[in-house]
Amino acid sequence: MLSRPPSAKSRQRTVPAAPCVLVTGFEAFGDDPSGQGLNPSALAAQALHGQVIAGHPVVAAVLPCVFGRSVAVLKALLKQHQPSWVLCTGQAGGRAGISLERVAINLDDANLPDNAGCMVVNQPVVARGPAAYFSTLPLQAMLGALQRAGLPCELSSSAGHFVCNHVFYALMHQLRKSPVRGGFVHVPYLPQQAAGTGRPSMALQEITQGLHVALQAALDEPSLQTLS
Ligand code: PCA
């Protein structure tokens, strides 16, 4: 006798979907020498959307480059998607490779306006929050994987004090009591942004590959299986 195929409901019970990886990029902001409204972090995040890395589906989103609102959007994404990993990314013009950020500091100190025209100067990200949070991503494993892939990369000890650091700090503050791992990666200009500036750049395809390689290494990291 033919058995009936399992219903969608029972299939869901037997094969639970792995939690997702949330990857964010930023919309374009004041620092885009091309004037074309580009931000490689948004383009790379969007290119990863829907891919499956080490069994985890990637959900990508683009954050507004605005103090406060960027964090509100990020918190809503965390609530909606319940990711087990979070990688926020942003553009750092002038950097030559994928920069794995080690630390977020409790300081907003902009030297250009955000996309709402606001320049937040010398303010904490979180009032009475700790001075800093370390990334909880396995940065050494990610760096090693990027190096083996032949992609320009570095560890960085400063995510600056503009909206990227703001989001990085708020993310780590939000995750401080959670097993969810998170961190931040800065990426260089695209070639079309750097043209004529004498500054370094990376092709979008390489940036996207770099984020993929780094995430794969993080999710495969065996030492993490026993943590949390
Ligand atoms: N880079 C900026 C903010 C948005 C982005 O992509 C920064 O490094 O703070």
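Given the structure is predicted, the values throughout are model-derived calculations rather than measurements. (Residues numbered from 1 in each chain as written. Predicted model: local features only at pLDDT ≥ 70, side-chain atom pairs only at ≥ 80, totals over all residues. Heavy atoms only, no water.)

With respect to the helices and strands, L87 occurs in strand β4 (residues 85–91). Put simply, L87 and G182 are 95 residues apart on the chain and 5.7 Å apart in space, counted from C-alpha to C-alpha. With near-sequence residues (within four places) excluded, L87 lies in contact with L22, V23, T24, L137, G183, F184, V185, L211 and L215. (Helix = DSSP H or I, 4+ residues; strand = E, 2+ residues; numbered from the N terminus. Contact = heavy atoms within 4.5 Å.)

This paragraph deals with the site of the ligand. Neighbouring residues of the ligand: F26, F29, N39, C65, G90, Q91, F162, V163, C164 and H186. One nitrogen or oxygen atom from the main chain of V163 is found 3.5 Å from an oxygen atom belonging to the ligand. Within the complex, 93% of the 270 Å² of free accessible area of the ligand lies under protein. Counting atoms within 2 Å of the grid points, the majority share of the ligand lands in the largest pocket. Of all the elements in the fold, those that place two or more residues in the shell around the ligand are β4 and α5 (163–174). For the shell around the ligand, the residue count by class is six nonpolar, four polar and no charged. (Near = heavy atom within 4 Å. Polar contact = N/O pair within 3.5 Å; in protein donor to acceptor, adjacent residues only side chain to side chain. Areas by Shrake-Rupley, 256 points an atom, 1.4 Å probe, with all protein chains shown as cover. 1 Å grid on protein atoms, 1.4 Å probe; cavity = no way out; pocket = protein on both sides within 12 Å on 5 of 7 lines; lining within 4 Å. Sits in = over half its atoms within 2 Å of the grid points. Nonpolar A, V, L, I, M, F, W, Y, C, P; charged D, E, K, R; others polar.)

Another point: the packing of aromatic side chains. Using the criterion set out here, one finds four aromatic pairs in the structure. Centroid distance F168 to F184: 5.8 Å. Interplanar angle 35°. Geometry classified as tilted. Residue F168 is found in helix α5, and its partner F184 is found in strand β9 (residues 181–187); the two are separated by 16 residues along the sequence. Each member of the pair F168 and F184 is classed as buried. (Phe/Tyr/Trp six-rings, centres within 6.5 Å; stacked < 30°, edge-to-face > 60°. Buried < 20%, exposed > 50% of the residue type's maximum accessible area, 1.4 Å probe, protein only.)

Within the fold, V103 resides in strand β6 (residues 103–105). In sequence terms V103 and A159 are 56 residues apart; their C-alpha atoms lie 7.2 Å from each other. Excluding its chain neighbours within four sequence positions, the residues that come into contact with V103 are A132, Y133, F134, S157, A159, N165 and F168.

It is worth spelling out the layout of surface pockets at this point. Put simply, the largest pocket is a space of about 380 Å³. Looking at the largest pocket, it is lined by 22 residues, and the ones nearest its centre are F29, Q91, A159, G160 and F162. Residue composition of the lining of the largest pocket, by class: 11 nonpolar, seven polar and four charged. (Points joined across faces, edges and corners; volume = space filled by probe spheres on them.)

These figures capture arrangement, not role.
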